[in-house]
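Below are the chains, spelled out letter by letter.
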Amino acid sequence: MEFAEHIKTANVEDVVLRQPLHPPSRGTLCITGHHLLFSDREESSSRQVLLLLRNIDAIEKSVENLLGYPGFFSNAGHSERMSGSSGTITIKCKDLRVLQLDIPGMEQCLNIAHSIETLSCLDSVSDTYPFFYRPTDLSLEDQWDLSSPEKHYSQMKELHERWRLSSVNRDYLVCASYPPAVIVPHSIDDDTLKKAAKFRQGGRFPILCYYHRKNGMVIVRSSQPLTGANRKRCKEDELLLQAVIDGSDKGYIIDTRSSQQAQQARMTGGGFESKSCYSRWKRLHRQMERGKSLQESLIKLVEACGDESHNMDRWLSKLENSKWLSHVQTALSTAGLLAECVERDGHSVLVHGSEGTDCSLLISTLAQLIMDPHCRTMEGFLALLEREWVQAGHPFQHRCAHSAYSHARLQQESPVFLLLLDCVWQLWRQFPLALGFSEALLLRLASQTRRRPNTLKRFRRK
Amino acid sequence: MEHIRTPKVEQVRLLDRSAGQRKASVGTLYLSATHTIFVENNPETRRETWVLHSMVSSVERPPSTPTGSQLILRCKDFRVFHIFIPQERDSVDVHASLVRLSRPEKYSELYCLSFNPNVNKEEREESWNFTDLTADYKRMGVPNNLWVATAANSEYRVCDTYPSELFVPKSATPAIIVGSSRFRSRGRFPALSYFHQDTLAAVCRCSQPLSGFSGRSQEDEMMLQAVMKSNPGSDYIYVVDTRPKLNAMANRAAGKGYENEDHYTNIKLQFIGIENIHVMRSSQQKIIDVGEMRAPSMTDFLWGLENSGWLKHIKAVLDAGVFIARAVADEGISVLVHCSDGWDRTAQACSVASILLDPYYRTIKGLMALIEKDWVSFGHKFSHRYAHLDGDPKEVSPVIDQFLECVWQLSEQFPCAFEFNERFLIAIHTHVYSCQYGTFLGNCQKERRDMRLCERSHSVWPQLWKDRAEYANPLYKAELSQSQGVLRPNTTPYCFKMWKGLYNHVEKSTPPRQSPADFLAAVKEESQQLEEELTNHQEVPPGGPTHQQQGSRQEDSNPDGEANHMGEGGGSEEDD
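Predicted model only: the values in this text are computed from it and were never measured.

Caption draft 1: The sheet that holds strand S2 (residues 25-31) of chain B, seen in detail. Residues and elements named next belong to chain B. If you walk across this open sheet you meet the seven strands as S4-S3-S2-S1-S7-S6-S5, and the pairing is antiparallel. Edge positions in the sheet fall to strand S4 (48-52) and strand S5 (56-60), since each has one partner strand and no second. With strand direction ignored, the average angle separating the axes of adjacent strands in the sheet is 30°. Note that strand S3 (residues 35-40) and S4 share five bridges and pair antiparallel. Bridge pairing in S4 places phenylalanine 38 opposite threonine 49. Against the sheet, helix H1 (residues 88-101) touches strand S1 (8-16), S2, S3, S5, strand S6 (69-75) and strand S7 (80-85), its axis set at about 20° to S6.

Caption draft 2: Broad picture of H1 of chain B. Residue and element names in this part refer to chain B. Relative to the 20 Å expected for 14 residues at 1.5 Å per residue, H1 spans 20 Å between its end C-alpha atoms, a close match to the ideal helical length. When we look at burial in H1, the residues that qualify are Asp90, Ser91, Asp93, Val94, Ser97, Leu98 and Leu101. Down the axis, H1 shows its buried residues gathered within 160° of arc, on one side only. Where H1 is buried, its residues touch S1, S2, S3, S5, S6 and S7.

Caption draft 3: Geometry of the confidence of the model for chain A. All names here are of chain A. Residues at a pLDDT of 70 or more form 84% of chain A, whose mean pLDDT is 82. Counted against residues more than four places away or in other chains, residues 68-82, with its pLDDT under 50, gives 19 contacts. Low pLDDT (under 50) marks residues 453-462, which in the prediction has 25 contacts with non-local residues, meaning those over four places away or in another chain.

Caption draft 4: Focus on the UniProt feature "active site" (unreviewed entry) in chain B. As annotated in UniProt, the feature "active site" (unreviewed entry) corresponds to Cys339 of chain B in the numbering used here. Relative to the elements of secondary structure, cysteine 339 of chain B occurs in the loop between strand S14 (335-338) and helix H10 (345-357).

Caption draft 5: Focus on the interface of chain A and chain B. Tallying the contact residues gives 20 residues for chain A and 22 residues for chain B. Around 1,900 Å² of area is buried between chain A and chain B when both sides are counted, 67% of it from carbon and sulfur atoms. Here chain A and chain B share one salt bridge between them. Note that lysine 312 of chain B is salt-bridged to aspartate 313 of chain A, the shortest N-O span being 3.2 Å. Our count for the contact surface shared by chain A and chain B stands at five residue pairs in polar contact (both at pLDDT 80 or more). At the level of secondary structure, the elements contributing two or more residues to the side of chain A that touches chain B comprise helix H8 (312-322), helix H9 (324-343) and helix H13 (416-430) of chain A. Looking at the side of chain A that touches chain B element by element, the count peaks at seven residues for H8 of chain A. Broken down by class, the residue content of the side of chain A that touches chain B amounts to ten nonpolar, six polar and four charged.

Caption draft 6: Main features of the environment of valine 322 of chain B. All names here are of chain B. Among the structural elements, valine 322 can be located in helix H9 (residues 310-331). Spatially, the C-alpha atom of valine 322 lies 24 Å from that of glycine 257, the residues being 65 residues apart in sequence. Among residues more than four places away in sequence, those in contact with valine 322 are Leu356, Pro489 and Thr491.

Caption draft 7: The packing of aromatic side chains, seen in detail. Residues and elements named next belong to chain B. Using the criterion set out here, one finds 26 aromatic pairs over all chains in the structure. Aromatic pair tyrosine 194 and tyrosine 361: ring centres 6.0 Å apart, planes at 65°, arrangement edge-to-face. Of this pair, tyrosine 194 sits in strand S10 (residues 191-196) while tyrosine 361 is found in the loop between H10 and helix H11 (364-377), placing the two residues 167 residues apart along the sequence. Taking relative accessible area as the criterion, tyrosine 194 reaches 4% and is therefore assigned buried. Each residue in the set Phe382, Tyr386, Tyr433, Phe440 and Trp461 is aromatic and connected to the rest through ring pairs, giving one cluster. The ring of phenylalanine 84 has arginine 13 lying over it, and the distance from NZ or CZ to the ring centre is 4.7 Å. Its end group placed over the ring of tryptophan 465, lysine 365 keeps NZ or CZ at 4.8 Å from the ring centre.

Caption draft 8: Structural detail: the packing of helix H7 (residues 291-305) of chain A against H8 of chain A. Residue and element names in this part refer to chain A. Where H7 contacts H8, the axes come no closer than 8 Å and their chain directions differ by 170°. Classified by the interaxial angle, the pair formed by H7 and H8 is roughly antiparallel. Contact with H7, carried on its side by Ser297, Lys300, Leu301, Glu303, Ala304 and Cys305, involves Trp315, Lys318, Leu319, Asn321 and Ser322 of H8 and no other residues of that element. Looking at side-chain class alone, the contact of H7 with H8 contains five nonpolar, three polar and three charged residues.

Caption draft 9: Representation of the packing of helix H4 (residues 174-182) of chain B against helix H5 (residues 218-229) of chain B in the model. Residue and element names in this part refer to chain B. Interhelical geometry of H4 versus H5 gives an angle of 115° and a closest axis separation of 7 Å. For H4 against H5, the interelement crossing comes out left-handed. Across the interface between the two elements, Ala175, Ile176, Gly179 and Ser180 from H4 touch Glu219, Asp220, Met222 and Met223 from H5. Along the lines of polarity and charge, the residues of the contact of H4 with H5 split into four nonpolar, two polar and two charged.

Caption draft 10: Main features of a nonpolar patch on the surface. On the surface, Val63, Met106 and Leu110 of chain A cluster together to form a nonpolar patch covering roughly 200 Å² of accessible area. Of note, methionine 106 of chain A is situated in helix H2 (residues 106-119).

Caption draft 11: Examining a positive patch on the surface more closely. All names here are of chain A. There is a patch of like positive charges on the surface, built from Arg170, Lys194, Lys195, Lys198 and Lys235. Looking at which element gives the most residues to the positive patch, the answer is helix H4 (residues 190-198), with three residues. Inspection of the secondary structure puts lysine 194 in helix H4.

Caption draft 12: The arrangement of the side chain of lysine 315 of chain B in detail. Looking at the element boundaries, lysine 315 of chain B is found in helix H9. Residues in contact with lysine 315 of chain B, not counting those within four places in the same chain, are His310 and Met312 of chain A together with Thr491 and Phe496 of chain B.

Caption draft 13: Here's a closer look at the environment of asparagine 230 of chain A. Residues and elements named next belong to chain A. Here asparagine 230 shows up in the loop between strand S11 (217-221) and helix H5 (235-244). We classify asparagine 230 as exposed; its relative accessible area is 64%. Spatially, the C-alpha atom of asparagine 230 lies 9.2 Å from that of methionine 267, the residues being 37 residues apart in sequence.

What counts and how
- Residues numbered from 1 in each chain as written.
- Chains lettered and ligands numbered in written order.
- Predicted model: local features only at pLDDT ≥ 70, side-chain atom pairs only at ≥ 80, totals over all residues.
- Heavy atoms only, no water.
- Pairing = 2+ DSSP bridges.
- Helix = DSSP H or I, 4+ residues; strand = E, 2+ residues; numbered from the N terminus.
- Axes fitted to C-alpha atoms, helices over the stretch in contact; angles between N-to-C directions.
- Contact = heavy atoms within 4.5 Å.
- Expected span 1.5 Å × (residues − 1).
- Buried < 20%, exposed > 50% of the residue type's maximum accessible area, 1.4 Å probe, protein only.
- Arc of directions from axis to C-beta.
- pLDDT = per-residue confidence, 0-100.
- UniProt positions renumbered as here; feature names shortened; annotations may be inferred.
- Buried area = accessible area lost by both parts, 1.4 Å probe.
- Salt bridge = Lys/Arg side-chain N within 4 Å of Asp/Glu carboxyl O.
- Polar contact = N/O pair within 3.5 Å; in protein donor to acceptor, adjacent residues only side chain to side chain.
- Nonpolar A, V, L, I, M, F, W, Y, C, P; charged D, E, K, R; others polar.
- Phe/Tyr/Trp six-rings, centres within 6.5 Å; stacked < 30°, edge-to-face > 60°.
- Lys NZ or Arg CZ within 6 Å of the ring centre and 35° of its normal.
- Parallel < 35°, antiparallel > 145°, perpendicular 65-115°, else oblique.
- Left-handed = near helix turned anticlockwise from the far one by under 90°.
- Patch = residues over 30% accessible without salt bridge, like charges linked within 9 Å, V, L, I, M, F, W, Y side chains within 5 Å.
- Areas by Shrake-Rupley, 256 points an atom, 1.4 Å probe, with all protein chains shown as cover.
- Lys, Arg positive; Asp, Glu negative; His and termini not counted.
- Charge placed at Lys NZ, Arg CZ, Asp CG, Glu CD.

Set out below in structure tokens:
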């Protein structure tokens, strides 16, 4: 596809860039297939802004014809200009930055706005920037090696006695969102896994994600069982879970839905592990918000942060009303519960909600951070994210398509990953000496996932 | 002693959640003339807990239960002790004694007049000269050809709540001063609080004018004119009334009020809207309750925080300081600050502005000088506000608490700009209430002189200075550009946080809080020791190195200075 057809005006001179906390600067604006570039072209202390179009969440444009309404809608700045017309584009980014561009010439302004609107939300994944990005110091072959189940398994010698690496998902046929290799109990063969997968939503059968060296207990995650309204059972799934706690008297299931929600899920074919079929598992329900309500919460939070009334009461009530911090608190306390089950009570735990691609990952990641010092190092944390989010099939592209400013109708957007980063930040605030990385890494991760949802991985697989 | 009916009770259980205790410990309770002392029975630890009577703000006795009866001791530093006493009769006695002991009726009952740290007479006298206000004014460049010392208030003739030494505009004659003071509430005429050498603009303070609806005073108008003339760079001054405008207007009905802009030429009147002491008192009670909540939901917490209004008030005080600092530093305009009597909100606004304007006040010694100047010498009513004696509860209000919290909020925004840490602010807070030293006793300079406090008690500043290692902020960098010059804080609401270190003792200790600053300080100290050792090795000729630097590391001592008076002098008193 040619990007050029969307770019009618590639260059505009004499553009004024305004950003909060920066003095306005005047320079040249340039649009390419993936970027917006602004440069004031000063020799010394030059200011440049390189913005990935994909990072743009919403734009607002206002044009005016100065011949008709001299300076009517404009700031003091423009009316000085004697040209016939001009326009202003306000760009709101997914990483929550806001930029304002004053562009001389109404037509140019409309052209630029049109290009941004089109290029910032291209539908086809293969047109997105990661497919064009060629860092000079990296080759494509070796950079995907940060962590994989294979590597994870080979590093954990203690695991080998009771757990094995299965390649049942070699061609992504058993579960499209799982990696090719998964860690499962030794005693369970691949056929059993295949049958168990049919009993779990999206084929996400229970697999190991964490082994607690201190007492040999594990965290396992999956999606909900497809028990449905008439309480179907699956012998293989029961066997698989039995094998997980083999030798121990019981295990916990942390369901990230309320028990009422879990009951209701049976109407649509989902469900939960009943006491009668999984007699040695004890279910704990902790309701966690996800999907639309989480997205709406973020929108309210961002709106509260942008409030300019400087009124303390209004800020606190908006903050409370957004419920964002309540979600942070719930996530951290549920992860704390999971960690307590494993570390203090000495039992293995299965985590799932419905799809098992959002809150389950959030909880298992946080619990690993809480329990395992290695996950708190820079390398360990990145490997953890690679395993628990990228490889575990968090649908980044759907969840991060839009951010808090977009007026587009919400579909599958949900800031679960951002919620994770916020929770990690809160842990860092409470234990400033325990993490091997700083706020800067979290901020960078937050803006990277917003700008270019990590899609390469999925495509490499398919 | 006559108030102590039962000096010793055994088999008492004490629960101190602020020290991270989950279960009560069993021990013996002693009442001395100055302290409640609890000694644990456990022979291994025998931990002692000392609570100064003057730190107790209330003693509650909930209905007894079969297992014994309970006393709840709430302290002025927001710690709470639960004491379980087996015999009801004992608990009635202890309760009655504590109620009486925690509310002294006369100054002579106060701890500072019996407290005797290990110093001789000379050292004590010397301690009172530790903060030298004349030197501080000199540091600002005063007196000069714009501001001069006046003898008008010597022997407190013109205003009995002001210090005897004051600086006024050069053109203000004694007649103008006296005339102006007659037109000001309680005679508190405009006087210099801070002089900014860079712009030659000044911060002055006074009380509200007795203008009513139409009153005016020629001398007072001349006084304000003189303030303006003492700043060669400007042709007007700001008059900052720190009250909400409605309150100021209401005061006119009582013959007080604010400056009429028609009568005073070249002034710009600005209202800031800091609420009065009564609003602040009830607001603080609410935030204390928020701090004591156990495992609140996020909604409960945020709602409690909002409902308390506390951060809103802190923001108002900081906003006042920011307005003044901006006028002085950026516009070069002098500011006259007042509220009603000019000793609460005015002290807050002036001292916050000084902290923003002058890096010196962000050092340990500087903050001492600032408090000595804007609060102690200018007649902030410490004994009334902090209930040193049993008196009118309506006079009590956390005015200096709010100033200290503003400094803390600033230190969170500018972590490298302050020489001291949070513990220093909390230590000052404790001593404002504790009456252990004479510094904060009384309500004005005259009262302190009449009580001969300098001869009968000690100053707190040298003691705090002695412990400065514990109060040092390892991140402080005086030469950093951020730490220099004027601080320009962000005052959007989300920049204000709840001061957990002061209001939430429970969380502070379970689990033990990690403090990067303490870690850094320890690393710094260690590397310093290693360096010293290295130089020792280099200096000493081969064969005979001496190791005398070892073991100089301090043990972690109690953060609120309670350890200072552990075991001191209490022995004889308990037996009475």
